[in-house]
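# Structure assessment
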Amino acid sequence: EIYPESCYPSIAQLIERIKAVDSESRLKWIIISNQSTAALSYLLRREGYKTRGIPRPADFGPVEQAILEQLVAAEADIFIGNFYSSFTRTIVDLR
């Protein structure tokens with residue numbers, strides 16, 4: 001059971017994790033960088049959170065956007081990532 005949650009958490013598991021972090025830190029904004037951004041953002045807004053994605057500059061392709069999102073996440077006060085993700089690993093290394 002731990003592997004699916006830490007490797008590929010469901011949207012419901014992400015929301016529960018965000019609620020747990022929020023109860024400790026009182027989040028002001030949640031910036032989402034994930035493949036289910038629209039669904040996760042919608043569900044979080046229904047829970048009363050303010051969310052946003054990271055806008056993509058017109059001249060950025062997917063690789064440049066991923067690098068931008070990693071740099072933003074590396075500077076965030078709080079970061080929730082996927083345990084086995086190379087995307088997350090890069091952010092953790094930058095932090």
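Before reading on, note that the structure itself is shown above.
Here the structure is a predicted model, which means the values were calculated and not measured.

Rules used throughout
Residues numbered from 1 in each chain as written. Predicted model: local features only at pLDDT ≥ 70, side-chain atom pairs only at ≥ 80, totals over all residues. Heavy atoms only, no water. Helix = DSSP H or I, 4+ residues; strand = E, 2+ residues; numbered from the N terminus. Contact = heavy atoms within 4.5 Å. Areas by Shrake-Rupley, 256 points an atom, 1.4 Å probe, with all protein chains shown as cover. Buried < 20%, exposed > 50% of the residue type's maximum accessible area, 1.4 Å probe, protein only. Salt bridge = Lys/Arg side-chain N within 4 Å of Asp/Glu carboxyl O.

### Observations concerning the overall build of the protein
Assigned secondary structure in the protein consists of five helices and two strands. Ordered by position from the N terminus, the helices and strands of the protein form the series α-α-β-α-β-α-α. In the protein, once contacts between residues fewer than 6 apart in sequence are set aside, the share between residues at least 24 apart is 34%. Accessible surface, the protein as shown: approximately 7,000 Å² in total, 54% of it carbon and sulfur.

### Looking at the environment of R52
As for its placement among the helices and strands, R52 is situated in strand 2 (residues 51-53). Exposure remark for R52: the relative accessible area of 44% places this residue in the partly exposed category. With 19 residues separating them in the primary sequence, R52 and S33 have C-alpha atoms 9.1 Å apart. Not counting chain neighbours up to four residues away, the residues in contact with R52 comprise W29, I30, I31 and I32.

### Details of the pattern of salt bridges
All chains considered together, the criterion is met by three salt bridges. Ionic pairing is found between K19 and E16, a salt bridge with its closest N-O pair at 3.8 Å. Placement of both K19 and E16 in helix 2 (residues 11-25) is noted, with a separation of three residues, approximately one turn of the helix. A relative accessible area of 28% places K19 in the partly exposed class.

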